[in-house]
Amino acid sequence: MNAIIIDDERLARNELKRLLENFPHIQVIGEAANTDEAGALIEELHPDVVFLDIQMPGKTGFEWLEEWDGYLPEVIFTTAFDEYALKAFEVNALDYVLKPIELSRLSESIQKLEKQLANKTKSHPEQVSISPQHYLSAQDQIFVKDGEKCWFVRLDKVRLCESMGNYVRLFFDDQKPLVLKSLNALEDRLDPKVFFRANRKHIINLNFIEKIEPWFSGGLQVTLQGKGEKIEISRRQSIRFKELLSL
């Protein structure tokens, strides 16, 4: 498993690297002293896990995570402050480890990480080597169950997918059921020619776009047919969006 450490304190990074030497199956492949450096590093190296400090110059770990819309590995927060624990799990972090980090506590986090990655591989083996034949096409039908209600719906009717923590809300017709799946896992199964990752929280069906408007900071806002949902496309994704739909 490949790891990146994001912490503004060099001594803290060195100490964590030293502790991780006790786990030979984990390799630290990069370090960043702030969140500005972190984004480019994650996009380039695609690690399995990021050890992320919270209090750093510039953006905090939380602020960066809430704004980040690129590839997102598992996140283990490392911090000297215990008051952020609840918020860490609200943003779907894998774990929250207090400094100074003890080897026994780090070992618990690594076990969680191993279990999480093993479950992903078991549930979605196509993620190991994704290829076009693994995509669900817009004509494929999917079975959806939310509580006592069930649907058998064609994917081309799904206009929007919205992340709700460990769940995704699917929008089709007048229905909005929740499914137990992460947005990242769902994105890996959907045909990118039809379904586009607009930001950290939303995937949109391109065939449902009714209107496109310029938005703040170089982004775009699209209005969807049906219920008229307005979804922001982040500045980073706007570049991809324009490339995808241009001649």
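It should be noted that the structure appears before, not after, this text.
Residues numbered from 1 in each chain as written. Predicted model: local features only at pLDDT ≥ 70, side-chain atom pairs only at ≥ 80, totals over all residues. Heavy atoms only, no water.

Structural notes on the sheet that holds strand 4 (residues 74-79)
So, step 1. In spatial order, the strands read 2-1-3-4-5; together these five strands make up an open sheet with parallel pairing. Each edge of the open sheet carries a strand with a single partner, namely strand 2 (27-32) and strand 5 (95-98). Taking the axes of each pair of neighbouring strands and ignoring which way they run, one obtains an average angle of 20 degrees across the sheet.
So, step 2. Inspection of the sheet shows strand 1 (residues 2-6) paired to strand 2 by five bridges, in the parallel sense. Residue Asn2 lies in a different strand from strand 2, and its bridge partner there is Gln27.
So, step 3. Running at roughly 175 degrees to strand 2, helix 1 (residues 10-20) makes contact with strand 1, strand 2 and strand 3 (49-53) of the sheet.
So, step 4. In the packing of helix 2 (residues 35-45) onto the sheet, contacts are made with strand 1, strand 2 and strand 3, and the angle to strand 2 comes to roughly 150 degrees. (Pairing = 2+ DSSP bridges. Helix = DSSP H or I, 4+ residues; strand = E, 2+ residues; numbered from the N terminus. Axes fitted to C-alpha atoms, helices over the stretch in contact; angles between N-to-C directions. Contact = heavy atoms within 4.5 Å.)

A word on the packing of aromatic side chains
So, step 1. For the structure on display, the rule yields five aromatic pairs.
So, step 2. Centre to centre, the rings of Trp64 and Trp68 are 5.4 Å apart; their planes meet at 25 degrees, and the pair counts as stacked. Each member of the pair, Trp64 as well as Trp68, is classed as buried.
So, step 3. Ring centres of Trp151 and Phe172 lie 6.1 Å apart, and the angle between their planes is 85 degrees; on these two criteria the pair is classed as edge-to-face. In this pair, Trp151 is assigned in strand 7 (residues 149-154) and Phe172 in strand 9 (residues 167-172), connecting sequence segments 21 residues apart. Of the two residues, Trp151 and Phe172, both sit in the buried class. (Phe/Tyr/Trp six-rings, centres within 6.5 Å; stacked < 30°, edge-to-face > 60°. Buried < 20%, exposed > 50% of the residue type's maximum accessible area, 1.4 Å probe, protein only.)

Let's talk about helix 2
So, step 1. Among the residues making up helix 2, those that are buried are Thr35, Ala38, Gly39, Leu41 and Ile42.
So, step 2. Those residues of helix 2 that are buried are in contact with strand 1, strand 2, strand 3 and helix 3 (61-67).
So, step 3. N-capping of helix 2 is provided by Asn34, with a side-chain oxygen placed 3.1 Å from the backbone N of Asp36.
So, step 4. Just downstream of helix 2 lies His46, where phi reads positive at about 45 degrees. (Polar contact = N/O pair within 3.5 Å; in protein donor to acceptor, adjacent residues only side chain to side chain.)

Digging into the pairing of strand 1
Moving residue by residue along a regular strand, the side chains alternate between the two faces of the sheet.
So, step 1. For strand 1, the tally of buried residues reaches four of five residues, placing the bulk of the element in the interior.
So, step 2. Following the backbone out of strand 1, through helix 1 and into the adjacent parallel strand 2, one traces a crossover that is right-handed.
So, step 3. Both strand 1 and strand 3 contribute to a ladder of four bridges, which runs parallel. When the sheet's bridge partners are listed, Ile5 is paired in strand 3 with Phe51. (Right-handed = clockwise from strand over helix to strand, strands pointing away.)

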